[in-house]
Each structure stands twice: as C-alpha cells, then as structure tokens.
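Observations on the model geometry
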Amino acid sequence: MKQLIRVEGFCLIGHIVTMVFGWAGLLLVLPHPEVILNLPGFGQNLFQWSMAGGAVVNIILGAIAVAIFAYRTLGAWHWLTFMLPAVCISLSSELLGTGTGFPFGDYHYLNGLGYKIAGLVPFTIPISWFYMGLASYLIARVALKLDQKPSWVRWVGAIAIGAILFTSWDFALEPAMSQTSVPFWYWEKAGAFFGTPYQNYAGWFGTSALFMTVAATIWTRKPVLVQQETPQPLTRNQLGLPLIIYLSNYAYAAVLSLASGFAIPVLLGLLTGVVPAIALYAIAQPAKAPVAAPKSATINTEIAITAVKLGVK
C-alpha cells in the first residue's frame, strides 16, 4: 500500500507540474517566438514535444492519481463501478455530440489531446470526465454525510451538487480550450455565452449527473462477483486529493481564460464551483480522534497480565 501511495503522490505532483509547464508554454513562450528560436536544438524539440503531448500526459497522470486514491479508500468495486460508467457514458455523449450536435452543440476536436476514438473524440476526454467527475462527486457525497446518514434526499443532493461542481469547471475550461491561441476544440457557430452555446452546459450537467446516478445506484448494492469488505465512509481528512484535483484543474483553465479576457465565465465558475467545493470540504465530517482507554482499564489489564504470568510460573 505504501508503494501505491508513493505512485499516487508522484502522479498528483506530475499532474500539477504539467499544468505549470502548460502555463509557461502558452502564456510566456508562444507569444514570444524569439525565445523558442534562441533555444538549442534539444530545447526546441522538448518544447515541441511538450506542446504536442503535454495535455495528454497531464490527463493521464490525473486519472492515475484519482484511480489509485479510489482503489485505496473506496476499494476496487467502488472504483471500477464509478470509472466504467463515467468513461462509457461520457464517451457515448461525446461521440454523439461530435457526430450530431446533441447534447453539447455543434463542435469538433482538434489535435493535441491524443488519439481520437472513431476519428472524433480524443481518448483522454472520457478519462478526464472520470477523474474530475469522481472528485466532484466525492466532495459532495462526503459533505452531505450520505454514508453515515443515508436518505433519498442526500442521495439525490450528492448527485446534483456533484454535477454542478463538475459543470462549473467548464465555465473556465471552455474559453481556455476553444478560444485561446492554441485551441483543442472549436464550435461551428459561436454560442451566446462568450462563444459557447448554453446547450453545452446543460449537456455537461446531464451527462455527469447520469453517470453519477448509475454509479451511486450500483454503490447501494453489495458486490456480487467481488469479495471485499464495505469500505469505511470517507471523512474530510481523506478529501485532500479530490479537492486538490478539482481546484488545480479549475485554476489551470481559469488562468488561461483570464489571460484571454474571459473574466465573467471564470467568476461564474468560482461562485458555482470553487467556493462551494471549499465550503463543502469545510463542513465535511473530520476523522474521529482515537479514544484513549480509561486509566482504570489499563491498570486492570496490567494486573490481569501479571496474574497470568504468576500463574504460569
């Protein structure tokens, strides 16, 4: 388990470091091409590689970190029964969206996010839905104490809030990914909300709510094929990684969008995503401190052990 924790930490750090390099490349180097020209051949090749594959590495590292976290804290059953619906449902929505315009609008992916499934959707997109979706859902689920006090209201609330947090990320992400100097997708027709169709956000909310609902429904049932103990409910002490994943990914998109003048979408995402996520983390139940054994019980135990030793003698 210690090795898994080390790998998880390495991937989380790498995930954040690639964001910093992304900022540097997109905001500092690209606007000043003389910097690239003054680099040695190795430096130019490294920059070209980072611009071509940096986003892919970033998403893969984030997915691995969250997958290991889920395996450690939730168990294989809960990890897989969230990841598989998240990946399959989001991929289906993306394929439908790029092919028909429903549910997100009429858009297409450019190069930069890796191999395209069916020539339409980069393979990294559904795994990004998985790791950001799980981070958003866990923040909501733990804050509402769904595992400690299960009810339909809390169950529905965790899904709705998780989907809102996830969709709020897209307020900052859309301008950063489609309307900056190096876009990763483009809209056939500019939407009414700073170039993005309102339909897109409804699609994000609906798709994320759907796979969260499927996973949450499966989680209410005991595993049939996988023999494992029911994991202990998560506490605030264990929400550090999901919160870091959520905030760092929002910050990455927000900086790029702000640099291009899209302050209002970023502010909206702060109000509907970042602030609630931090507030939910704050109200989540902390881990209970271990209860010390009463002194009298300790003394009685020591007397009993001593009596046993004397009896043996």
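Per an unreviewed UniProt entry, the recorded name for the protein is Carotenoid biosynthesis protein, and the organism is Microseira wollei NIES-4236.

Next up on the list: the overall build of the protein. Looking only at helices and strands, the protein has 10 helices and four strands in total. Mapped from its N terminus to its C terminus, the protein presents α and β elements in the order α-α-α-α-β-β-β-α-α-β-α-α-α-α. Looking at the protein residue by residue over its 313 residues, the buried ones come to 45%. Residue pairs at least 24 apart in sequence account for 77% of intrachain contacts in the protein once pairs closer than 6 positions are excluded. When the accessible surface of the protein is totalled, it reaches about 15900 Å², and 71% of it is carbon and sulfur.

Turning our attention to the packing of helix H1 (residues 2–29) against helix H8 (residues 240–259). Relative to each other, H1 and H8 sit at 5°, their axes nearing to 10 Å. Considering their axes alone, H1 and H8 lie roughly parallel with respect to each other. Two secondary-structure elements touch here, H1 through Glu-8, Leu-12, His-15, Ile-16, Met-19, Gly-22, Trp-23, Leu-26 and Leu-27 and H8 through Leu-241, Ile-244, Ile-245, Ser-248, Asn-249, Ala-251, Tyr-252, Val-255, Leu-256 and Ala-259. Partitioning the contact of H1 with H8 into residue classes produces 14 nonpolar, four polar and one charged.

This next bit is on the pattern of salt bridges. By the definition in use, this model includes two salt bridges. Across the pair Arg-72 and Glu-8 runs a salt bridge, and its minimum N-O distance is 2.7 Å. Within this pair, whereas Arg-72 is found in helix H3 (residues 41–73), its partner Glu-8 is found in helix H1, the two being separated by 64 residues in sequence. Ionic pairing is found between Arg-141 and Asp-147, a salt bridge with its closest N-O pair at 2.8 Å. For Asp-147, a relative accessible area of 36% puts it in the partly exposed group.

What follows is about the packing of helix H5 (residues 124–143) against helix H6 (residues 152–178). Running from N to C, H5 and H6 cross one another at 135°; their axes reach a closest spacing of 8 Å. In terms of axis orientation, H5 runs oblique to H6. Seen along the crossing, H5 lies across H6 with a hand that is right-handed. On the side of H5, the interface is formed by Trp-129, Met-132, Gly-133, Ser-136, Tyr-137, Ile-139, Ala-140 and Arg-141, while H6 contributes Ala-158, Ile-159, Ile-161, Gly-162, Leu-165, Phe-166 and Trp-169. A per-class count over the contact of H5 with H6 returns 11 nonpolar, three polar and one charged.

On to helix H7 (residues 198–219). With 22 residues, H7 extends 32 Å between its outermost C-alpha atoms, agreeing within 8% with the 32 Å of an ideal straight helix rising 1.5 Å per residue. Among the residues of H7, Asn-200, Tyr-201, Gly-203, Trp-204, Thr-207, Ser-208, Ala-209, Phe-211, Met-212, Ala-215, Ala-216 and Trp-219 are the ones counted as buried.

So, about helix H9 (residues 263–283). Counted at 1.5 Å a residue, the expected span for H9 with its 21 residues is 30 Å, and the 29 Å between its end C-alpha atoms agrees. Most pronounced at Leu-270, the bend in H9 amounts to some 45°. Regarding H9, the residues found buried are Pro-265, Val-266, Gly-269, Gly-273, Val-274, Ala-277 and Leu-280. The inward-facing, buried residues of H9 contact H5, H6 and H8.

Once that is clear, we can look at the packing of aromatic side chains. Ring pairs (aromatic) are described by centroid distance and by the angle formed between their planes. As enumerated under the stated definition, the model contains 24 aromatic pairs in all. Between the aromatic rings of Phe-82 and Trp-219, the centroid separation amounts to 6.1 Å while the plane-to-plane angle is 45°, which identifies the pairing as tilted. Highlighted residues: Phe-82 in helix H4 (residues 76–100) and Trp-219 in helix H7, separated in sequence by 137 residues. An identical accessibility class is assigned to Phe-82 and Trp-219; each is buried.

With respect to the helices and strands, the residue Glu-174 is situated in helix H6. At 3.0 Å, the side chain of Glu-174 forms a polar contact with the side chain of Trp-185. Dropping the residues within four chain positions of it, Glu-174 is found in contact with Gln-179, Trp-185, Trp-187, Thr-196, Asn-200, Tyr-201 and Trp-204.

The next point concerns the UniProt feature "transmembrane region" (unreviewed entry) in the protein. Taken from the UniProt record, the annotation "transmembrane region" (unreviewed entry) applies to residues 12–30, 50–70, 77–97, 117–140, 152–172, 201–219, 239–256 and 262–284. Taken end to end, residues 77–97 is 100% helix and 0% strand, and its two terminal C-alpha atoms sit 30 Å from one another. For the annotated span residues 152–172, helix accounts for 100% and strand for 0% of the residues, and the straight-line distance between the end C-alpha atoms is 32 Å.

The rules we used
- Residues numbered from 1 in each chain as written.
- Predicted model: local features only at pLDDT ≥ 70, side-chain atom pairs only at ≥ 80, totals over all residues.
- Heavy atoms only, no water.
- Helix = DSSP H or I, 4+ residues; strand = E, 2+ residues; numbered from the N terminus.
- Buried < 20%, exposed > 50% of the residue type's maximum accessible area, 1.4 Å probe, protein only.
- Contact = heavy atoms within 4.5 Å.
- Areas by Shrake-Rupley, 256 points an atom, 1.4 Å probe, with all protein chains shown as cover.
- Axes fitted to C-alpha atoms, helices over the stretch in contact; angles between N-to-C directions.
- Parallel < 35°, antiparallel > 145°, perpendicular 65-115°, else oblique.
- Nonpolar A, V, L, I, M, F, W, Y, C, P; charged D, E, K, R; others polar.
- Salt bridge = Lys/Arg side-chain N within 4 Å of Asp/Glu carboxyl O.
- Left-handed = near helix turned anticlockwise from the far one by under 90°.
- Expected span 1.5 Å × (residues − 1).
- Bend = angle between axes of the 7 residues up to and from the residue.
- Phe/Tyr/Trp six-rings, centres within 6.5 Å; stacked < 30°, edge-to-face > 60°.
- Polar contact = N/O pair within 3.5 Å; in protein donor to acceptor, adjacent residues only side chain to side chain.
- UniProt positions renumbered as here; feature names shortened; annotations may be inferred.

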